[in-house]
Amino acid sequence: IALDLGGSNFRILRVKVSHEKKQTVILNCLHFVHAHYFLQLFDHVAECLGDFMEKQKIKDKKLSMGFTFSFPCAHTKLDEAVLLTWTKRFKASGVEGMDVVKLLNKAIKKRGDYDADIMAVVNDTVGTMMTCGFDDQRCEVGIIIGTGTNACYMEELRHLDLVEGDEGRMCINTEWGAFGDDGTLEDIRTEFDREIDRGSLNPGKQLYARRLHKTVRRLVPESDVRFLLSESGSGKGAAMVTAWASRLADQTRQIAETLAEFRLTKEQLLEVKKRMRNEIQNGLSKNTQSTATVRMLPTYVRSTPDGTENGDFLALDLGGTNFRVLLVKIRSGKRRTVEMHNKIYAIPIEVMQGTGEELFDHIVYCISDFLDYMGMKNARLPLGFTFSFPCRQTSLDAGILVNWTKGFKATDCEGEDVVGLLREAIKRREEFDLDVVAIVNDTVGTMMTCAYEEPTCEVGLIAGTGSNACYMEETRNIETVDGVDGRMCVNMEWGAFGDNGCLDDIRTQYDNAVDDLSLNAGKQKYEKMCSGMYLGEIVRNILIDLTKRGFLFRGQITETLKTRSIFETKFLSQIESDRLALLQVRSILQHLGLDSTCDDSIIVKEVCGAVSRRAAQICGAGMAAIVDKIRENRGLDHLDITVGVDGTLYKLHPHFSRIMHHTVKELAPNCNVNFLLSEDGSGKGAALITAVGCRLRQQEQKS
């Protein structure tokens, strides 16, 4: 449906547009005389529209509608137009400064006997250009010479300071009728002006047109300008814009439906929290621990630092493609200090996925190099080993690797004590000796690092390449450990939450695609929904799907987009930054080899936001389950607790931490949770656990 309001009469048209057949058919057209002197203007328009739909027998349908409104308006989007001022002797009150689409919608709603979806409001000049543009694709200018005069044309977007983006073109309604109102034309009247002036007095239409064409061609001889008469008026053009807007709206709806799967309700998040609590209980119970997805592995860390720790300690930190060796000097007393020296070593992928002997020989080579660097090869230092993979510990210094994660595949390690493998590699080198006191998970190391600064820190969280949590559980609840007194830190290994299918109702086809092509298909499903290693891959799979459906990148799937892991999580952090304009987002995409438009950039940013928001929310739901359990363990109505956090996703993503904090607060309202960022990483924590272990060992020896 097209409405055409621009003079003393207005038209309503029903138009069928067929892009396949390259034709438009005006099915019906009715003219109405304005009666705004006895009815409110938009009430009258709504009444006429109702009469038209009644006669067409389409009152029960909700058709897309275009509105040609031929008066100066400020547009903020296609279906919004604020009237700046009436022209052509219109004076209807209460309209200037108002959105005319809202006024018409209000009038239609007041009638209540039909519905219409106003997709676009356009000027008659724009409608004319679109009408002719359907027949001649070179038509990029519209001009009205009638009761009033105006022009529009397709301007390069990069020239429009009022609109964000620099790619493509946008139609500009010049409203040139006011040109000269400030007197700027008084002294520049020329022979051409006089010719046109004389022609306008002549009532012969052909004469006027001929003189106009001749004048334009004389002024711009280098341009081949053709004039195409709009036979159908601007109403048909409004229908054309509406058809385009309707297609765009359908595309937007389909994209929204795709991303809606990532928008979890509070009820869904509470269900995730509830299921996490169930899996925690399964992991703590002796009868179900062996089959539990959340393993709840005892760490034999029974105490956080008390401030009396003292000495020099070596720490190793293995959890990704880089490996750190640290010397940590802890000094107790009134002025507690921790001094750290460290060196980072790369672990080549062929070592990560080679034999276990090669991996541990490489680790010992790095230790040897570091001890040379520090001049400490002869000292037998206590050592703490941060080993960020699922281990079943039987004591503080023994950990059996359950399975590799994060791309590691070294053979002959799973099912073995990694401390034993390290000691054997040290013996093979025959250069130095170390006292391996503790093997710890990076999550536990993070908790201990923060607990040294804040005694209320009893939870650790890693939100980076991988995702995991630990907390101080009552020993009596850990059925796989002897004893009932005190507390012990439990390494949850929550990344495997959902491996039994309990999260399948919130997983998407994109999660499944990422999982299917991963090194450990079917495992670590929760981690694959909320950790940095996988978020970029989820985004890439969504972008491929949207491109296949013609919504992105002109429907062209590039080799870049086909490349696994090309869309790193750091790009999500950059793209989602509030400080970035669309132009900069587009620059990031082009750096990735994705030739995007500004519209593409908007969609990509929306996709990134949906994926990272869900990640933060489900991570928050898991944390809410932990703090509520601690509160219930202690029989408290209200719990104050600190969570030590590390990981690049938490540190660098512009919105992850805020969304996660909000989710925890919403799902665990009886807990006041403070999040403390670990500045020194889990290596310092490993040294602190070693120091605590040495202190407790000395106490036992004395007793």
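Please read these numbers as outputs of a predicted model, since none were measured by experiment.

Criteria and thresholds
Residues numbered from 1 in each chain as written. Predicted model: local features only at pLDDT ≥ 70, side-chain atom pairs only at ≥ 80, totals over all residues. Heavy atoms only, no water. Helix = DSSP H or I, 4+ residues; strand = E, 2+ residues; numbered from the N terminus. Rg over C-alpha atoms; globule rule 2.2 N^0.38 Å. Buried < 20%, exposed > 50% of the residue type's maximum accessible area, 1.4 Å probe, protein only. Contact = heavy atoms within 4.5 Å. Areas by Shrake-Rupley, 256 points an atom, 1.4 Å probe, with all protein chains shown as cover. Lys, Arg positive; Asp, Glu negative; His and termini not counted. Charge placed at Lys NZ, Arg CZ, Asp CG, Glu CD. Pairing = 2+ DSSP bridges. Axes fitted to C-alpha atoms, helices over the stretch in contact; angles between N-to-C directions. Parallel < 35°, antiparallel > 145°, perpendicular 65-115°, else oblique. Left-handed = near helix turned anticlockwise from the far one by under 90°. Nonpolar A, V, L, I, M, F, W, Y, C, P; charged D, E, K, R; others polar. Core = buried A, V, L, I, M, F, W, Y, C linked by side-chain atoms within 4.5 Å. Domains from an automatic or database assignment. Buried area = accessible area lost by both parts, 1.4 Å probe. Polar contact = N/O pair within 3.5 Å; in protein donor to acceptor, adjacent residues only side chain to side chain. Salt bridge = Lys/Arg side-chain N within 4 Å of Asp/Glu carboxyl O.

J.: Help me understand the overall build of the protein chain, please; the structure alone is not making it clear to me.
T.: Assigned secondary structure in the protein chain consists of 21 helices and 23 strands. For 703 residues, the compact-globule formula gives about 27 Å, and the C-alpha radius of gyration of the protein chain, at 35 Å, lies well above that figure. When the backbone C-alpha atoms are referred to their principal axes, the protein chain occupies close to 115 × 55 × 50 Å. Every one of the 703 residues in the protein chain was classed for burial, and the buried ones make up 52%. Considering only contacts within the protein chain whose residues lie at least 6 apart along the sequence, 66% involve residues at least 24 apart. With an accessible surface of roughly 33,400 Å², the protein chain has 48% of that area assigned to carbon and sulfur atoms. Put simply, the protein chain has 88 plus and 99 minus side-chain charges, and the middle of one group is 4 Å from the middle of the other.

J.: I keep staring at the sheet that holds strand E14 (residues 337-346) and nothing clicks. Help me out?
T.: Consider a sheet: its strands pair through backbone hydrogen bonds, and that pairing is either parallel or antiparallel. Sheet architecture is open: five strands sit in the order E14-E13-E12-E15-E18, paired in mixed fashion. The outermost strands of the open sheet, each flanked by one partner alone, are E14 and strand E18 (435-440). Sheet twist, expressed as the average angle between the axes of neighbouring strands with direction ignored, equals 20°. Pairing geometry for strand E12 (residues 311-318) and strand E15 (residues 382-387), over five bridges, is parallel. Following the sheet pairing, Leu318 is matched in E15 by Phe387.

J.: Is there a simple way to think about the packing of helix H1 (residues 41-56) against helix H2 (residues 100-111) in this case?
T.: How two helices sit against one another is set out by the angle between their axes and by the gap between those axes. Contact geometry for H1 and H2: axes closest at 9 Å, N-to-C directions at 60°. The angle between H1 and H2 falls in the class oblique. As H1 runs across H2, the sense of the crossing is right-handed. The residues of H2 that touch H1, namely those facing Phe42, Asp43, Val45, Ala46, Glu47, Leu49 and Gly50, are Val100, Leu103, Leu104, Ala107, Ile108, Lys110 and Arg111. For the contact of H1 with H2, the class distribution of residues is nine nonpolar, one polar and four charged.

J.: Whenever I open this one, the pairing of strand E13 (residues 322-331) confuses me. Can you help?
T.: Within a regular beta strand, the side chains point alternately toward one face of the sheet and then the other, so they alternate between its two faces. Taken across its ten residues, E13 has seven buried, putting it largely inside the fold. Across eight bridges, the pairing between E12 and E13 is antiparallel. Each residue of the ladder has a partner; that of Asp312, found in E13, is Lys329. What sits between the antiparallel neighbours E13 and E14 is a turn of five residues, in which Gly333 has the positive phi angle 105°.

J.: How do you make sense of the pairing of strand E5 (residues 73-77) when you look at a structure like this?
T.: Relative to strand E6 (residues 80-83), E5 runs antiparallel, the two being bridged by four bridges. Across the sheet, residue His75 finds its bridge partner in E6, namely Ala81. Linkage of E5 to E6, two consecutive antiparallel strands, is achieved through a turn of two residues.

J.: When you look at the nonpolar core in this model, what are you seeing that I'm missing?
T.: Across soluble globular proteins, nonpolar side chains have a tendency to be buried as a group. One finds Met492, Trp494, Phe567, Met623 and Ile626 to be the most contacted residues of the largest nonpolar core, which totals 84 residues. Among the elements that make up this core, the one with the highest residue count is helix H18 (residues 598-633) (17 residues). Apart from residues no more than four positions distant in its own chain, Ile626 is found in contact with Ile280, Val459, Ala469, Tyr471, Met492 and Trp494. Listed in part, the 40 residues of the second largest apolar core include Leu316, Met352, Leu383 and Cys413.

J.: Please clarify how the domain arrangement of the protein chain should be interpreted in this entry.
T.: How big an interface is tends to be reported as the loss of accessible area on association of its parts. Entries for the protein chain in the domain assignment read domain 1 (2-200 + 225-256), domain 2 (266-278 + 500-677) and domain 3 (299-456 + 684-698). Look at where the C-alpha atoms of domain 2 and domain 3 centre, and you get two points 30 Å apart. Taken together, the ten residues of domain 2 in the interface contact nine residues of domain 3. For the pair domain 2 and domain 3, the summed buried area comes to about 880 Å², and 65% of that belongs to carbon and sulfur atoms. In terms of surface lost to domain 3, no three residues of domain 2 exceed Leu519, Thr642 and Leu676, which account for 43% of the buried area on that side. If you look at where domain 2 meets domain 3, you find one residue pair in polar contact (both at pLDDT 80 or more).

J.: Explain the sheet that holds strand E10 (residues 169-173) to me, please; I cannot follow it from the model alone.
T.: Here three strands make up an open sheet; going across it, the order is E8-E9-E10 and the pairing antiparallel. Looking along the sheet, the strands with just one partner apiece sit at the ends: strand E8 (141-145) and E10. With strand direction ignored, the average angle separating the axes of adjacent strands in the sheet is 15°. Relative to strand E9 (residues 149-156), E8 runs antiparallel, the two sharing five bridges. The residue of E9 that forms the bridge with Ile144 is Asn150. In the packing of helix H3 (residues 124-135) onto the sheet, contacts are made with E8, E9 and E10, and the angle to E8 comes to roughly 125°.

J.: Explanation requested: the pattern of salt bridges in the structure shown.
T.: Proximity of charged atoms lets side chains of opposite charge pair with each other. Considering all chains together, one arrives at 43 salt bridges under this definition. Here Arg253 and Asp250 are joined by a salt bridge, their closest N and O atoms 2.3 Å apart. In this pair, Arg253 and Asp250 both sit in helix H6 (residues 233-260), three residues apart, roughly one turn of the helix. Overall, Asp250 belongs to the partly exposed group, its relative accessible area being 32%. Connected through salt bridges with shared partners, the residues Lys273, Arg277, Asp628, Arg631 and Glu632 form a single ionic network.

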